[in-house]
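Structural overview for review
Given next are the chains, with one letter for each unit.
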Amino acid sequence: MTSPHTCRWGILSTGWIANKFTLDLLVDPSTRQVSDVRHEVVAIGSRSKESAQRFLDATWKEAGVSTGKENVKLYASYGELFRDESIDCVYVGTPHSHHYANVHAALSAGKNVLCEKSLVVNAKQAQALIDLARSKNLFLMEAVWTRFQPYAYKLQEVLDSGAIGQIRAVQAELCVDFGPTAAKNPEHRLVNPYLAGGALLDLGPYPWTQLALTLLPRPSKASNEPCEVPKVAAGMTKTSSGVDASVVASIGFKQGDGRIVHGTLTTAQDRQTTPNRCVLVQGQKGYIEVAFPTYRPRKFTVYRYESEEQFADLEAEPQTEEFNFEPRPGGIWGFAWEADEVARCLRDGKKESDRMPLRESLLMMQVFDQIREQGEFVYPEELETLELK
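Note that the structure is predicted; figures quoted are calculated from it, not measured. (Residues numbered from 1 in each chain as written. Predicted model: local features only at pLDDT ≥ 70, side-chain atom pairs only at ≥ 80, totals over all residues. Heavy atoms only, no water.)

Considerations on empty space enclosed by the protein
So the rule is basically this: Using a 1 Å grid laid over the protein atoms alone, points where a 1.4 Å probe fits but cannot get out form a cavity; open sets with protein on both sides within 12 Å along at least 5 of 7 lines form a pocket; any residue with an atom within 4 Å of a point counts as lining. Grid points are joined across faces, edges and corners, and a volume is the space filled by probe spheres set on the points. Runs of E in the DSSP output that reach at least two residues are strands. Runs of H or I that reach at least four are helices, and both are numbered from the N terminus. Charged means Asp, Glu, Lys or Arg here, nonpolar means Ala, Val, Leu, Ile, Met, Phe, Trp, Tyr, Cys or Pro, and polar covers whatever is left, Gly included.
Across all of its chains, the model carries one cavity of 30 Å³ or more by this definition. Put simply, the largest cavity is a space of about 40 Å³. What lines the largest cavity is simply Glu142, Val144, Arg147, Trp208, Thr209, Met356, Glu360, Ser361 and Met364. Contributing elements (two or more residues each) for the lining of the largest cavity: α9 (205-215) and α12 (358-374). Of the residues belonging to the lining of the largest cavity, the class tally is four nonpolar, two polar and three charged.

Set out below in structure tokens:
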């Protein structure tokens, strides 16, 4: 039996998302029926060695792991982390206002990178990082964990089976009422324009991902050919700090047969998505309802009719089938599956993921740029620029 390929990780930042990602790395892959890859945390980079130590201690304690901690190197700067030759891939978990500079520095230092969503603030920054990664022959992927969860594969399998016929429309939503915590503190990352605050970049990638899973073409391999940018019609409201509080966008996705299918993206910081439905996929002879949360759906239910005529009959009863995705194996949050994808890509010499290709990360930013333009929303120049300090 071939021993599993080990991916050695350097963790950049010590916030909430980095904690959850690292917790997943510490779970035995066999608990999710994975035997071909494994993970090892070899280094943590923070603004100080003390904060890196606190992160290490707290994360290992939370994971209940007693081994491996003593081998993790702690760095008081990101530059030191990038110089560690034992690292196979750097995970970037800083606020997205910092992603462009952090990923640029990592790639420039010769490191493969997995970067949290959203990859950057705008499309020109996304293109610059993609060009840099390709010029240096390095791996780069946006960490959209939803794409690699069993939910996403099963949803696409059901759609491909023709269970609800031709897709006619998709609605996807992620709204989270953050309450007074953010509203009363203009410095909070959720509403601070200098930290790229607002609903679109923080929450919007998840409803976008649901639209992408259902309405974008699915080539078998990543391609350098850019995606066709769809037409967008969007509305936006803003917070008192000037960032977007709520966005509703209609996006026209061109299908293989030439049809345009509308996907509706809704995201907001001032209200809550209902527990029972965050995504609705409407077909010609049925529909699918996906249960919240949008980033890690608990289940989805297929409502299937025998024909379009039966579907149009308001008295007809559908056949129903439910698919559940809780509890998660090994108690993982769900980030482990994207980490497994990175490990396999590095093992196989791939420079990008076929399932999360760079051109789709670019496409999301191109669509989001249109939404922000229509909402007359621009971030401070130091966040929008390609210049590095």
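Resuming the write-up.
Overview of α9
Stated precisely, the cut-off is as follows: Burial here depends on accessible area, computed with a 1.4 Å probe over protein chains only, as a share of the maximum for the residue type. Under 20% is buried, over 50% is exposed, and the range in between is partly exposed.
Among the 11 residues of α9, 11 are classified as buried, and the element is accordingly described as predominantly covered. For α9, the complete set of buried residues consists of Pro205, Tyr206, Pro207, Trp208, Thr209, Gln210, Leu211, Ala212, Leu213, Thr214 and Leu215.

Examining the nonpolar core
Using the following cut-off: To qualify as a nonpolar core, a set must consist of buried Ala, Val, Leu, Ile, Met, Phe, Trp, Tyr and Cys residues joined through side-chain atoms within 4.5 Å. Contacts are assigned to residue pairs with any non-hydrogen atoms lying within 4.5 Å of each other.
Counting residues in hydrophobic clusters, the biggest one holds 118 residues, and the most contacted among them are Trp9, Ile11, Trp208, Ile288 and Phe300. In terms of residues, this core owes the most to one element, α12, which gives eight residues. Here Phe300 is in contact with Tyr151, Lys154, Leu155, Val158, Ile288, Glu289, Val290, Glu321, Glu322, Phe323 and Phe325, once residues within four sequence places are set aside.

Considering the UniProt feature "domain: Gfo/Idh/MocA-like oxidoreductase N-terminal" (unreviewed entry) in the protein chain
The line we're drawing: UniProt positions are given in the numbering used here, feature names are shortened, and annotations may be inferred rather than shown by experiment.
Under the present numbering, the feature "domain: Gfo/Idh/MocA-like oxidoreductase N-terminal" (unreviewed entry) in UniProt falls on residues 8-141. Along residues 8-141 one finds 40% helix and 21% strand; the C-alpha atoms at either end are 16 Å apart.

Overview of α12
Put simply, the rule reads: Expected helix span is given by 1.5 Å per residue-to-residue step, counting one fewer step than there are residues.
Look at α12: 25 Å from first C-alpha to last across 17 residues, which is about the 24 Å you get at 1.5 Å a residue. Of all 17 residues that make up α12, 13 are buried, and the element is covered over most of its length. Phi turns positive one or two residues past the end of α12, at Glu376, with a value near 50°.

What to know about the sheet that holds strand β5 (residues 112-116)
So the rule is basically this: For two strands to be treated as a pair, DSSP must find at least two bridges joining them. Orientation is described by axes fitted as lines to C-alpha atoms, over the contacting stretch for helices, and by angles from 0 to 180 degrees between their N-to-C directions.
Judged by pairing direction, the sheet is parallel, and its six strands sit side by side in the order β3-β2-β1-β4-β5-β6 without closing on themselves. The two strands at the open ends of the sheet, each matched to only one other strand, are β3 (73-75) and β6 (140-143). Neighbour-to-neighbour, the strand axes of this sheet turn through a mean angle of 30°, independent of strand direction. Across three bridges, the pairing between strand β2 (residues 37-45) and β3 is parallel. Residue pairing in the sheet places Ile44 in a bridge with Leu74 of β3.

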